[in-house]
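Okay, here's what each chain looks like letter by letter:
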Amino acid sequence: MPDMTPSTSLAVTHFVTIAKEFDKDKVTPGVLGFIVFAVMGLAVWALMKSMNKHMGKVDFEVAPADGADAKSATVGAKADEA
């Protein structure tokens, strides 16, 4: 690895020495994995809360149609039946 900076080389050296101390059969996500999982959980919670708020504003009632629109809809429906 000729293009490594001294700090990168030092970090890799420390990581390799630490990695030898761990049992290779026990691989865990560690603190970073927990933080990522917790942030994803909070994001899902916030999105669900926002969705519930927006769904509460939705009006499921059908608005009454105007006379002209209702008449054309009725004529169109009768034409489809024939």
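An account of the accompanying structure is given in this report. Each chain carries its own residue numbering, running from 1 in the direction its sequence is written. Residue-level local features of this predicted model are given only where pLDDT is at least 70; pairs of side-chain atoms are given and counted only at 80 or more, and the full residue set underlies all totals for whole chains, interfaces and linings. Excluding hydrogens and water, the side-chain figures rest on all heavy atoms present in the structure.

## Concerning the overall build of the protein
Step number 1: A count of helical and extended segments in the protein gives three helices and zero strands.
Step number 2: For the protein, the succession of helices and strands along the chain, N to C, is α-α-α.
Step number 3: Note on classification: 1.4 Å probe, protein chains only; a residue is buried when its accessible area is under 20% of the maximum for its type, exposed when over 50%, partly exposed between these limits. A burial count over the protein gives 0% of its 82 residues as buried.
Step number 4: The accessible surface values rely on the Shrake-Rupley method and a 1.4 Å probe; as for residues, cover is taken only from the protein chains in view. With the model as given, the accessible surface of the protein reaches about 8,000 Å², and the carbon-plus-sulfur share is 69%. Secondary structure counts use DSSP, requiring at least four H or I residues in a row for a helix and at least two E residues in a row for a strand, with both numbered from the N terminus.

## Describing a nonpolar patch on the surface
Step number 1: Every patch collects residues that have over 30% relative accessible area and no salt bridge, joining them within 9 Å if they carry like charges and within 5 Å if they are nonpolar side chains (Val, Leu, Ile, Met, Phe, Trp, Tyr). The working definition used for a salt bridge is a side-chain nitrogen of Lys or Arg within 4 Å of a carboxyl oxygen of Asp or Glu. The grouping of Val31, Phe34, Ile35 and Val39 at the surface amounts to a nonpolar patch, some 420 Å² of accessible area in total.
Step number 2: Position of Phe34 relative to the elements: it lies in helix α2 (residues 30-57).

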